[in-house]
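Each chain, letter by letter, is given below.
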Amino acid sequence: MQDEYMQRLVALGEAFTPGSPVNNQDLFSGRSEQIQKILGGVTQRGYHVVLYGERGVGKTSLANFTSRIYSNSPGTLIAKVTCDAGDNFTSIWKKAFKEITYATPKAGIGFAPTPEATVAALSDYLPDVTNPDDVRRMLASLAAEKTVLIILDEYDRIVDKLTSTLISDTIKVLSDNGTNATLMLIGVADSVSDLIEGHQSIERALVQIPMPRMSNQEIGQIIDKGAAILKMDVDADARSMIVKLCQGVPYVAHLLGLHCFKSAIASGLTTVSMENVRLGISASLDQWHESIKKAHYDATKSHQPGNIYREVLLACALSDVDELGYFTAANVRTPLREIAGREYEIPNFAAHLKQFSEDQRGNVLSREGTKRRFRYRFTSPMMRPYIIMRGYVDGLLK
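What you are looking at is a predicted structure, and each value in this text was computed from that prediction instead of being measured.

On to the layout of surface pockets, then. Estimates place the volume of the second largest pocket at around 500 Å³. Taken together, 23 residues make up the lining of the second largest pocket; nearest its centre are Glu54, Arg213, Glu323, Leu324 and Gly325. Going through the elements one at a time, β1 (48–53), β7 (206–211), α13 (309–318) and β11 (375–378) are the ones with two or more residues in the lining of the second largest pocket. Tallied by class, the residues present in the lining of the second largest pocket amount to 11 nonpolar, four polar and eight charged.

Pasting the structure below:
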């Protein structure tokens, strides 16, 4: 029994990985529509891929999955770069070409020399100040024999507009010349225009792929795959609760799955129950990002007796949203009534929504529109599931 317990604890770290994107192809779940669009973009000469969406919805995991698909293909060269705020056009391509090596023959020494080869990274052949045409020539040389895929992850971190413009110029020149090389840009954004400078000039060359939150079915797949690795089961009610709490965010599925299954393993159980979910919620909240915990505290703190900041914020988290995650004050009324046990009209909590969108309460919501037509959205996708779990722990939800 002790050996089985230890084996499950070891497997737990493989089954659920909230600390890093999914790297194991067998554990990757869902996203079939996005995968098909990516594959279509890579296989069509002249097209390039832009994958964008909220933080925490699994974009990097999908990039890792794509990278593994093509790394197993002998006909493809692939390089994956993680961009940072200090990058410029030259440094990005130095990073990319450093991952691709080039071998040149070298004569051996002696009477019967054995042929040798000198291996160098292609980045060594880039000029110190690189321009789009330098990149095109190098990619064209590589693409003469193989399909080339360059993945630029966390592209939104680039702050230099000239760099973004030069990347757009590179996409244009590659597309215009029909070079068999594909750029895949990945970043946090609501739209392609938020991510790429001068995107209109290259729009015809872009396969634009929004990355929504996961469906309940896809979140369920994460839990089921983890259970299969651990050779455990999940009670139907417990599974339904876990899926509901995740709010479509795969990071939360991994975090909550980790602690719910850990609770069951610690109790010597092979089936996750509702009690394990309850304990998993508390453990997950303790491990949540400190920035989210502080933002929730700043948004709901008040010395005024009978204040309803916690209730209104929880009602916001439970509100119906549109395809971009926005809700209106009218959407808040029904969940607020169910939480508070009484009816509140919009004027009773409109000031709360306004304050949640301002510095005094940490800007946990973003607001757009005009008076009586305002729309609200959580600034972080991690905030909504945190608030809902906090609601269960605080007794506001049953």
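Here we take up empty space enclosed by the protein. Inspection of every chain in the model, using the stated rule, returns two cavities of 30 Å³ or more. Quantified by volume, the largest cavity comes out at close to 50 Å³. What lines the largest cavity is simply His296, Thr300, Arg310, Leu313, Leu314, Ile387, Arg390, Gly391, Asp394 and Leu396. Looking at the lining of the largest cavity, the elements that each hand over two or more residues are α12 (290–300), α13 and α16 (383–393). Classifying every residue of the lining of the largest cavity gives four nonpolar, three polar and three charged.

Our focus in this paragraph is the packing of aromatic side chains. What the rule picks out here adds up to nine aromatic pairs. Centroid distance Tyr309 to Phe356: 6.2 Å. Interplanar angle 70°. Geometry classified as edge-to-face. Linking Tyr309 in helix α13 with Phe356 in helix α15 (residues 346–356), this pair joins segments that are 47 residues apart in sequence. Like Phe356, Tyr309 is buried.

On to the packing of helix α5 (residues 132–143) against helix α6 (residues 161–176), then. As a packed pair, α5 and α6 sit with axes 9 Å apart at the nearest point and diverge in direction by 45°. It follows from the interaxial angle that α5 and α6 lie oblique. For the pair α5 and α6, the sense of crossing is right-handed. Facing α5, whose interface residues are Pro132, Asp133, Val135, Arg136 and Leu139, α6 presents Leu166, Asp169, Thr170, Val173 and Leu174. Broken down by class, the residue content of the contact of α5 with α6 amounts to six nonpolar, one polar and three charged.

Looking at the protein chain, the pLDDT average stands at 88 and 92% of residues meet or exceed 70. For the protein chain, strand β3 (residues 101–106) is the element with the lowest average pLDDT, namely 57, and α13 is the one with the highest, namely 97.

Before going further, it helps to examine the pairing of β11. Looking along a regular strand, one sees side chains alternate from face to face of the sheet. The sheet contact formed by strand β10 (residues 365–368) and β11 spans four bridges and is antiparallel. Counted as the bridge partner of Ser366 is Arg377 from β11. The antiparallel hairpin formed by β10 and β11 contains six residues in its connecting segment, where Gly369 sits at a positive phi of about 110°.

It is worth spelling out the sheet that holds strand β5 (residues 147–153) at this point. If you trace the five strands from one edge of the open sheet to the other, you get β2-β5-β6-β1-β7, paired in parallel fashion. Each edge of the open sheet carries a strand with a single partner, namely β2 (76–82) and β7. Each strand axis lies, on average, 15° off the axis of its neighbour in the sheet, ignoring direction. Pairing of β1 with strand β6 (residues 181–188) involves five bridges; the strand directions are parallel. Counterpart to Tyr52 in the pairing with β6 is Gly187. Sitting on the sheet, helix α3 (residues 59–71) is in contact with β1, β2, β5, β6 and β7, with an inclination near 155° to β2. Relative to the sheet, helix α4 (residues 89–98) contacts β2, β5 and β6, its axis offset from that of β2 by approximately 135°.

Notably, Glu154 is not glycine yet its phi reads approximately 55°, a positive angle. Among the secondary structure elements, Glu154 is positioned in the loop between β5 and α6.

Quick notes on the rules
- Numbering of residues starts from 1 in every chain and runs along the sequence as written.
- With pLDDT at 70 or above as the cut-off, local features in this predicted model cover only qualifying residues; side-chain atom pairs require 80 or more to be listed or tallied, and sums for whole chains, interfaces and linings still use all residues.
- Only hydrogens and water are set aside; all other atoms, that is, all heavy atoms of the structure, feed into the side-chain values.
- The pocket and cavity definitions rest on a 1 Å grid over protein atoms only: a 1.4 Å probe that fits but cannot leave marks a cavity, an open set with protein on both sides within 12 Å along at least five of seven lines marks a pocket, and residues lining either have an atom within 4 Å of a point.
- Grid points are joined across faces, edges and corners, and a volume is the space filled by probe spheres set on the points.
- Numbering of helices and strands runs from the N terminus; a helix is a DSSP stretch of H or I covering at least four residues, while a strand is a stretch of E covering at least two.
- Note on residue classes: Ala, Val, Leu, Ile, Met, Phe, Trp, Tyr, Cys and Pro are nonpolar, Asp, Glu, Lys and Arg are charged, and everything else, Gly too, is polar.
- A pair of Phe, Tyr and Trp rings is counted when the ring centres sit within 6.5 Å of each other, with Trp represented by its six-membered ring. The angle between the planes then sorts it: under 30 degrees is stacked, over 60 is edge-to-face, the rest tilted.
- Exposure classes here rest on a 1.4 Å probe applied to the protein chains alone. A residue is buried below 20% of its type maximum, exposed above 50%, and partly exposed in between.
- To define axes, lines are fitted to C-alpha atoms, for helices over the stretch in contact only, and angles between the resulting N-to-C directions are given on a 0 to 180 degree scale.
- Roughly parallel refers to an angle under 35 degrees, roughly antiparallel to one over 145, roughly perpendicular to one between 65 and 115, and oblique to any angle outside these ranges.
- Should the near helix be turned anticlockwise from the far one by less than a right angle, the crossing is left-handed, and should it be turned clockwise, the crossing is right-handed.
- Residue contacts are defined here by distance: any two heavy atoms, one from each residue, within 4.5 Å place the two residues in contact.
- Each residue carries a pLDDT value, the predictor's own confidence for that position, ranging from 0 to 100.
- Whether two strands pair comes down to DSSP finding at least two bridges between them.

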